[in-house]
Structure formats: C-alpha cells, structure tokens
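Okay, here's what each chain looks like letter by letter:
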Amino acid sequence: MFYDRITKFYTLRFFLKILLLFMFLVSQLWSMNLYKKGDSNENTMFLLSGIHGNERGAYLAACLVVTKYDIQKGSVWVIPNINMPSIIENKRGINGDMNRKFHKISEFDKDYQIVSRLKNFIAQDNINFLLNLHDGSGFYRPTVINSTYAPYRWGQSIVIDQKNMNHEFGNLYEISQNIINNINQNIYNSKHHFRTKNTKTNMGNASMSKSLSWFALNNNKPSITSETSFELDVITRVKHHLMVIEATMNELGIEYSRDFNLDNDEIKEVLYSGLDIVIEDVLLSLDGVKPVIKNVPLVSKTPKYKSSNPLISLREMDNVYNVLYGNEILTSIEPEYRDKSLTNMPVFVNIDNEFREFVHMPSVVNVKSHFSIEDSRYYRINVIGYVNNYEDETNIDIYRSNFIQDYAIDQNRNTYRVEVYDKRDDSFVGMFLIKYEE
Ligand SMILES: [Zn+2]
C-alpha cells in the first residue's frame, strides 16, 4: 500500500514533467528572440519590449532597432517580442500580466519559461543598462489635472524605481532628466512632453516590486522605462520611443546610425519595408503585399516558416494561412498542397540580356526589363500569370507587359511568382520571385 502511493506519486510527477516539457515546446513555437548588435565587449544596453502584447508603439520601435539601426560603438541587445503569443492576439497578457511575475512565479505558470529566460539574460555580466518600452494610459502629471492628466497615468514619462543606485550608470533620475531635456525640444506639442515618474518602489510599492525593472535593480542592473501614451497614434508612439532609445544610447556612449529621418512618414515607410516570410520553400516579399495570395504551393499542413523580421508570424485559420506583422494581418495565403520533390537544383535565368544567374530557391530575382528561363531536362516551369500559346514557358523573353497583372503578389504589380515542378512526377521543387524595377 505504502509503496503503491509512492509509485503513484512518482508517476504523477513524471507526467507533470512531461506536461511541462510539452508546454515548453509549445511556448517555443512563437518564442521571443534575442538580437545582439555591435560589440558586446563594450557598454551594452538591453532593450526590451513586447512584454505587454497590445503595446504596438513599443514593440514596433524595438523591432526597427533590430532591422534598421547600425550600432557603431558599444552594443545593444534587443528582445522586441517578449510576449509573442500576446502580441499575436493584441492582448496585454493572455496568461495575465507578465510584468508582475518577476518576484515570484510558479513553474506551472504558462509564462514561466519566458520569465526564467529573461531573468538569465538580465543577469549577464556585460549588460550595463536596461531600457524597457511600454505604451501607457493617458499622460503622467505629478498632480491631478483631470482623469487623463494625472499622477496615476503613465503616458509620456520616463519611469524610474528610485533616484540613485550604486552603479556606474546608477544615477537614474539624472539620466532620465538628460533624456527628457534632449527629446522634449523635438516634441512640438508641449502636452506630449516627457516627465520623470518615480514609482519609489523601495518605499513599499507592492505592484512595482513584482516588475522586470525592479528585478533588474535588485540584480545591480540600472533600468528605466519609456512610456508613450495610447492617446497618440501608433507611428508617433514609435517615433517617441526611438527618440528615447537614441537619447539613452547617447547617455551610455553608444553610437549608432540609421538611414531614415525621425518623421512620421519616413517611420511608416521603413516599418513596412523589407518584410518577408519563407514558408517551407516559398519566399514571399511582403512589401505592399496584396491582401490575398491564392494557390500557393505548400507541402505540409503545419508548414515551418521563418522571417528576417522578429514580428512576422504565420497562423492557420479555416484552411487559410494569415501572415501577421505583430497582430496585423498583412496577407492571407490560400494553399494548394503538393508533394515535395527531392531535388532542388538551381534554375538558370537570363536577366535583361545582360547576365545569366543560377537561381536557387527560394529567392528574389531583380529584373529591369525582361527575363527568360533556360530549359531544363528535369524541371517544368510555371510562370504564374504569364499566358502564352505554348505548353513550355522556357527560353522566352518575358516582359512585365506579358503578365496578367492581377497575378502579381504586390499592389504595385511589380512582383510575380515562378513555380518549379519536377518533370518526372510533377512534384513541387520550389518557387522564386521575379521583381521588376519600379
Ligand atoms: Zn506595458
């Protein structure tokens, strides 16, 4: 009887462990990514966002640092998408408020793995300073003006837990004031100016003592938080976060460059440029992509995917695959399931009568005027949207005007698909894109 109970206990524990492992694997499907930029031997700023999944200004700004900034001196580590499952759902936290789980967390909590990994990252020796990004309610003011402008609001503030700590960059109040003086001169509407908000966490602020920032301070890592206001449009929030990020880098002696200006039009443009996704062997450029792409050859019903952008993900819904940028659906892909060929040799493409390229799949081929694909013993070529009177679509010069433009994958009608099939059994080899110059 006694042994039985022990056995039961261990069996239960065993199953719980398996369950935890399974939950961990599932959580890795949309896991957060750490990006290291610059030279980690020098001053390193740790930039964190997306812990609250509905704060788009915050995670889009951090993502731009990953994709569009060069770090020339010092280094920046970035996790733009801490709480990716909540970002996809556009919810603050699908498993509760993750930013209140840094003091205590049960190993059964669905956020346990992410919070534990974050704690390990924060403790890394080379990190000198943390900058957290959030979008908050209203506008912080030290005294109540009305319900929007009040001490209990967060928007347009640099949040610190205390004024000072014993560390090279521990003068948190002074640093926050330097940042504010630096950026407010470029914010024309004085209602939107930033202020320092000191939560005085060590004086018994129970809620803030569970936060990531307080965990960092207790591990001797200075940490501040940029809060923009939900009252402002998302692009303005991104702009203000970028201004805070740059001013903070200045404080830490980190040098950077970017090739766009901090104005709303240019920020919007860079936010939607260079987006892509590779689904199995299919690469789709997502710049100006059409809302629906039909008959995309896929092999698996649970296709693997990757993207150069940390905020891009793929979600199946009613037999359609939505490509999301954060929580925004960029396009819906209607699949056509195919058997996969075992071959994947390059295709020879002649471009503009100028050069001959080995095109590996998946890839994008840039064309000025026309291209032609060389005949292959092994492959059948299907240029999607190109109509002619021949069965074969090789060894013919194909101009943009030869396409039925509705078949372009982008709204500007510059980009078309070429699908490659195995002649022996008509299985799918791969796809590449032809992109005509604007
Ligand atoms: Zn937040």
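Residues numbered from 1 in each chain as written. Predicted model: local features only at pLDDT ≥ 70, side-chain atom pairs only at ≥ 80, totals over all residues.

Visitor: Looking at this structure, I do not really get the overall build of the protein chain. What am I missing?
Guide: Helices and strands together make up the secondary structure of the protein chain, namely eight helices and 26 strands. For the protein chain, the residues scored as buried account for 38% of the 438 residues in total. For the protein chain, contacts bridging at least 24 residues in sequence account for 66% of all contacts bridging at least 6. (Helix = DSSP H or I, 4+ residues; strand = E, 2+ residues; numbered from the N terminus. Buried ≥ 20, exposed ≤ 12 C-beta atoms within 10 Å, placed from the backbone. Contact = placed C-beta atoms within 7 Å.)

Visitor: I'm lost on the sheet that holds strand β1 (residues 35–38) in this one. Help?
Guide: Strand pairing in a sheet is mediated by backbone hydrogen bonds. Such pairs are either parallel or antiparallel. Taken in spatial order, the seven strands make up an open sheet running β1-β4-β2-β5-β10-β8-β9, and their pairing is mixed. At either end of the open sheet lies a strand with only one pairing partner, and these are β1 and β9 (195–198). When strand polarity is set aside, the average angle formed by the axes of neighbouring strands in this sheet is 25°. Note: strand β5 (residues 127–136) against strand β10 (residues 223–229), seven bridges, orientation parallel. What sits directly across from leucine 133, in β10, is serine 226. Contacts from helix α5 (residues 172–184) reach β8 (157–160), β9 and β10 within the one sheet, and its direction differs from that of β8 by about 170°. (Pairing = 2+ DSSP bridges. Axes fitted to C-alpha atoms, helices over the stretch in contact; angles between N-to-C directions.)

Visitor: What exactly am I supposed to notice about the sheet that holds strand β25 (residues 415–422) here?
Guide: Ordered by their spatial adjacency, four strands build an open sheet running β21-β26-β25-β23, and the pairing between neighbours is mixed. Looking at which strands have only one partner, the edges of the open sheet turn out to be β21 (363–367) and β23 (379–383). Across this sheet, the average inter-strand angle for adjacent strands is 25°, counted without regard to direction. Pairing of β23 with β25, which is carried by five bridges, proceeds in the antiparallel orientation. Bridging across to β25, isoleucine 381 finds its partner in valine 420.

Visitor: What exactly am I supposed to notice about the environment of glutamate 231 here?
Guide: Within the fold, glutamate 231 resides in the loop between β10 and α7 (234–252). Spatially, the C-alpha atom of glutamate 231 lies 9.2 Å from that of threonine 148, the residues being 83 residues apart in sequence. Excluding its chain neighbours within four sequence positions, the residues that come into contact with glutamate 231 are Gly138, Phe139 and Gly155.

Visitor: Would you mind going over the domain arrangement of the protein chain with me for this structure?
Guide: How big an interface is tends to be stated in terms of accessible area lost as the parts join. Taken domain by domain, the protein chain holds domain 1 (31–270), domain 2 (277–337) and domain 3 (347–436). Using C-alpha coordinates to define each centre, domain 1 is positioned 45 Å away from domain 3. (Domains from an automatic or database assignment.)

Visitor: I'm lost on the pairing of strand β16 (residues 312–317) in this one. Help?
Guide: Here is the key point about a regular strand: its side chains alternate between the two faces of the sheet. Pairing geometry for β16 and strand β17 (residues 320–325), over six bridges, is antiparallel. Counted as the bridge partner of methionine 317 is valine 320 from β17. Where β16 folds back onto β17 in an antiparallel hairpin, the turn is made up of two residues, including aspartate 318, whose phi is positive at roughly 50°.

Visitor: Looking at this structure, how should I read the nonpolar core?
Guide: Across soluble globular proteins, nonpolar side chains show a tendency to be buried alongside one another. Judged by nonpolar contacts, the single largest core of 98 residues is most densely connected at Met45, Leu47, Ala61, Ala62 and Val65. Residues in contact with alanine 61, not counting those within four places in the same chain, are Ser49, Leu133, Val238, His241, Leu242 and Ile245. (Core = buried A, V, L, I, M, F, W, Y, C linked by C-beta atoms within 7 Å.)

Visitor: What is the right way to look at the packing of helix α2 (residues 56–68) against α7 in this model?
Guide: At a minimum axis distance of 8 Å, the contact between α2 and α7 shows a crossing angle of 55°. Compared by their axis directions, α2 and α7 come out oblique. Classified by chirality, the crossing of α7 by α2 is right-handed. Residues Arg56, Gly57, Ala58, Leu60, Ala61, Leu64 and Val65 of α2 pack against Val234, Arg237, Val238, His241, Leu242 and Ile245 of α7. Here the contact of α2 with α7 is composed, by residue class, of nine nonpolar, two polar and two charged. (Parallel < 35°, antiparallel > 145°, perpendicular 65-115°, else oblique. Left-handed = near helix turned anticlockwise from the far one by under 90°. Nonpolar A, V, L, I, M, F, W, Y, C, P; charged D, E, K, R; others polar.)

Visitor: I tried to follow the UniProt feature "domain: D,L-carboxypeptidase peptidase" (unreviewed entry) in the protein chain on my own but got confused; where do I start?
Guide: Under the local residue numbering, the UniProt record ascribes the feature "domain: D,L-carboxypeptidase peptidase" (unreviewed entry) to residues 41–269. Note that residues 41–269 is 33% helix and 21% strand, and that its end C-alpha atoms are spaced 33 Å apart. (UniProt positions renumbered as here; feature names shortened; annotations may be inferred.)

Visitor: Before we go on, may I ask you to explain the packing of α7 against helix α8 (residues 264–271) in this structure?
Guide: α8 packs onto α7 with a crossing angle of 95° between their chain directions and a minimal axis gap of 10 Å. Of the possible angle classes, the one that applies to α7 and α8 is roughly perpendicular. The residues of α8 that touch α7, namely those facing Ile235, Thr236, Val238 and Lys239, are Asn264, Ile267 and Lys268. Among the residues forming the contact of α7 with α8, the class breakdown is three nonpolar, two polar and two charged.

Visitor: Before we go on, may I ask you to explain unusual backbone geometry in this structure?
Guide: Residues other than glycine predominantly adopt negative phi, and peptide bonds predominantly adopt the trans conformation. With an omega dihedral of 0°, the bond running from methionine 361 to proline 362 counts as a cis peptide bond. Along the chain, proline 362 turns up in the loop between β20 (355–359) and β21. Its identity as a non-glycine residue notwithstanding, asparagine 220 has a phi of 60°, on the positive side. Along the chain, asparagine 220 falls in the loop between α6 (212–218) and β10. We classify asparagine 220 as exposed; it has 11 C-beta atoms within 10 Å. Phi at arginine 413 is positive, roughly 60°, even though this residue is not glycine.

Visitor: Before we go on, may I ask you to explain the environment of isoleucine 396 in this structure?
Guide: Along the chain, the position of isoleucine 396 falls in the loop between β23 and β24 (398–399). Residue classification places isoleucine 396 among the partly exposed positions, given that 15 C-beta atoms sit within 10 Å. Once the C-alpha coordinates of isoleucine 396 and aspartate 97 are considered, the two residues, 299 residues apart in sequence, prove to be 59 Å apart. Sequence-distant contacts of isoleucine 396, that is, excluding residues within four places in its chain, are made with Ser372 and Asn388.

Visitor: Mind showing me how you'd approach α2 here?
Guide: Working note: α-helix, 3.6 residues per turn, so residues spaced by three or four point in the same direction. Between the first and last C-alpha of α2 there are 17 Å, a value that for 13 residues agrees with the 18 Å anticipated at 1.5 Å per step. Counting buried residues along α2, 11 of its 13 residues qualify, which places the element largely inside the surrounding structure. Those residues of α2 not exposed but buried are Arg56, Gly57, Ala58, Tyr59, Leu60, Ala61, Ala62, Cys63, Leu64, Val65 and Val66. (Expected span 1.5 Å × (residues − 1).)

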